[in-house]
Amino acid sequence: MILLRGTDIRDGKRENLRSRINDIKEKEGDKFIPPTLVIFQIGDNASSTVYIGQKKKFAEYVGALVLHINLPEYVSESDLIAEINNYNMDDSVHGIIVQLPLPRHLSVHNITNAIDYRKDVDGLSSTSLGLLVQRNFKLDNDVIKGGESMDKFKNLDFKGFIPATAKGVITLLDEYGIEVEGKSVCVIGRSVLVGKPISLVMLAKNATVTICHSRTANLNEITKRSDILISAIGKPGFIDKTFVRENQILIDIGITSVDVKTGEGENVRKVCGDFDFEKIKDAVEAITPVPGGVGPLTVVSLFENLFESFHNSLL
Ligand code: NAP
């Protein structure tokens, strides 16, 4: 069994971003504005605070800047959209994201659509997702060639940003030399954030994709037929031996915090994936661990998208 570790790949990619940003800093001198990401957090959801903390730490390491805008839980949709618009128009800002989940009175659709798609580094607006459906995105990490300021993008054949988790999955498979073309890929989960973008990029890489969800009948018969099984459901340990077969490649997107009892009877929080890892790991060809699989590459992918937007602003 091959353990598909994202952490090692993350470290290399982080160094690469750091040195590319540093090179530009030296070249630009006094004119240098760091790659700048605005993160909106609404309320004080504890998991969101942890995820934002990871992004700030990553940014600090590579030489990017994160502006963390924490608005109160009760902020109105129009006030939030007005705030987003301010940053849409600010040329020193290269990326804008809104940390999900949002309070129930705010529409994810309206809020993500308020972000200028050229700064939508999470790739979740209707325009970005439309570009994904049209296959109008880059599967490699070369920067886009283009104009001199954000305004000049109007005349460009702009390509959308791939949502970070989907991009992280591609990176992981590429780095391990796992070919996708012609393979049968089963994705469990159809969310706009994870399941659908992953399915679309797999399709773009010429896989034959099956998308499963909570109403799929005979799920474990379908999952067993695939060469690559990707699970994004958020149910710890749900995928057991009955869902997998020999020679399969397993990618676990699920991240759920659960309480586990230690030998001393103490309760500790542990992060678990969708796979019953210990029971299935030896039955398959390759598998991602949780934590340490796709998760670290999601953060890398977000900052690669930011770097691309930043680089575009210099052209
Ligand atoms: P979500 O919006 O709740 O979507 C879950 C999907 O799983 C839905 O499509 C749902 O089907 C399907 N599902 C639920 N139970 C199922 C079952 N028993 N059988 C088959 N399908 C089932 O969650 P999400 O935002 O996509 O996130 C999924 C997981 O990925 C979570 O654990 C999240 O924390 C994790 N995540 C990880 C990363 C990373 O970087 N690794 C990034 C983002 C999210 P229906 O559509 O029919 O309801």
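Structure: above.
From a predicted model like this one, the values you see are computed outputs, not experimental measurements.

### With respect to unusual backbone geometry
Phase 1 of the analysis: A cis amide bond links Leu 100 to the next residue, Pro 101, at an omega of 5°.
Phase 2 of the analysis: By the secondary structure assignment, Pro 101 is in the loop between strand E4 (95-98) and helix H4 (108-114).
Phase 3 of the analysis: Cis peptide bonds are those with omega within 30 degrees of zero, and the linkage from Val 290 to Pro 291 qualifies with 0°.
Phase 4 of the analysis: Within the fold, Pro 291 resides in the loop between strand E11 (286-287) and helix H10 (295-314).
Phase 5 of the analysis: If you check the backbone angles, Asn 206 has positive phi at about 65° while not being a glycine.
Phase 6 of the analysis: Assessed through its relative accessible area of 42%, Asn 206 is described here as partly exposed.
Phase 7 of the analysis: The backbone phi angle of Asn 218 is positive, close to 55°, even though this residue is not glycine.

### Quick word on the pattern of salt bridges
Phase 1 of the analysis: Per the stated rule, a full pass over the model turns up 12 salt bridges.
Phase 2 of the analysis: A salt bridge links Glu 175 to Lys 13, with the nearest nitrogen and oxygen atoms 3.7 Å apart. One end of the pair, Glu 175, is in helix H6 (residues 164-175); the other, Lys 13, is in helix H1 (residues 6-28), and 162 residues separate them in sequence.
Phase 3 of the analysis: Residues joined by salt bridges that share partners form a network here, namely Arg 10, Asp 11 and Arg 14.

### Description of the site of the ligand
Phase 1 of the analysis: Around the ligand sit 20 residues, and of these Arg 190, Ser 191, Ser 214, Ile 255 and Thr 298 come closest.
Phase 2 of the analysis: Arg 190 has a polar side-chain atom sitting 2.7 Å from an oxygen atom of the ligand.
Phase 3 of the analysis: A distance of 3.2 Å separates a nitrogen atom of the ligand from a polar atom in the backbone of Ile 253.
Phase 4 of the analysis: Classifying every residue of the shell around the ligand by side-chain character gives nine nonpolar, nine polar and two charged.

### Section: the environment of Ile 33
Phase 1 of the analysis: Structurally, the position occupied by Ile 33 is in the loop between H1 and strand E2 (36-42).
Phase 2 of the analysis: Under the relative-accessibility criterion, Ile 33 is labelled partly exposed at 42%.
Phase 3 of the analysis: Taking the C-alpha atoms as reference points, Ile 33 and Leu 131, 98 residues apart in sequence, are found 28 Å from one another.
Phase 4 of the analysis: Not counting residues up to four positions away in its chain, the partners in contact with Ile 33 are Ser 92, His 94 and Phe 310.

### With respect to the pairing of E2
Phase 1 of the analysis: Buried residues dominate E2, accounting for seven of its seven residues.
Phase 2 of the analysis: With burial as the criterion, each face of E2 is covered, one bearing Thr 36, Val 38, Phe 40 and Ile 42 and the other bearing Leu 37, Ile 39 and Gln 41.
Phase 3 of the analysis: Two elements, E2 and strand E3 (residues 65-71), share seven bridges in a ladder whose sense is parallel. Within the sheet, the bridge partner assigned to Thr 36 lies in E3 and is Leu 65.
Phase 4 of the analysis: Crossover connection from E2 via helix H2 (residues 46-62) to parallel E3: handedness right-handed.

### Brief notes about the layout of surface pockets
Phase 1 of the analysis: Put simply, the second largest pocket is a space of about 280 Å³.
Phase 2 of the analysis: Residue lining of the second largest pocket: 15 residues in total, with Lys 270, Cys 272, Phe 275, Phe 277 and Glu 278 positioned closest to the centre.
Phase 3 of the analysis: Mapped onto the lining of the second largest pocket, the elements with two or more residues apiece are strand E10 (267-272) and helix H9 (277-280).
Phase 4 of the analysis: Looking at the lining of the second largest pocket element by element, the count peaks at three residues for E10.
Phase 5 of the analysis: Counted by class, the lining of the second largest pocket contains eight nonpolar, three polar and four charged residues.

The rules behind each value
Residues numbered from 1 in each chain as written. Predicted model: local features only at pLDDT ≥ 70, side-chain atom pairs only at ≥ 80, totals over all residues. Heavy atoms only, no water. Helix = DSSP H or I, 4+ residues; strand = E, 2+ residues; numbered from the N terminus. Buried < 20%, exposed > 50% of the residue type's maximum accessible area, 1.4 Å probe, protein only. Salt bridge = Lys/Arg side-chain N within 4 Å of Asp/Glu carboxyl O. Near = heavy atom within 4 Å. Polar contact = N/O pair within 3.5 Å; in protein donor to acceptor, adjacent residues only side chain to side chain. Nonpolar A, V, L, I, M, F, W, Y, C, P; charged D, E, K, R; others polar. Contact = heavy atoms within 4.5 Å. Pairing = 2+ DSSP bridges. Right-handed = clockwise from strand over helix to strand, strands pointing away. 1 Å grid on protein atoms, 1.4 Å probe; cavity = no way out; pocket = protein on both sides within 12 Å on 5 of 7 lines; lining within 4 Å. Points joined across faces, edges and corners; volume = space filled by probe spheres on them.

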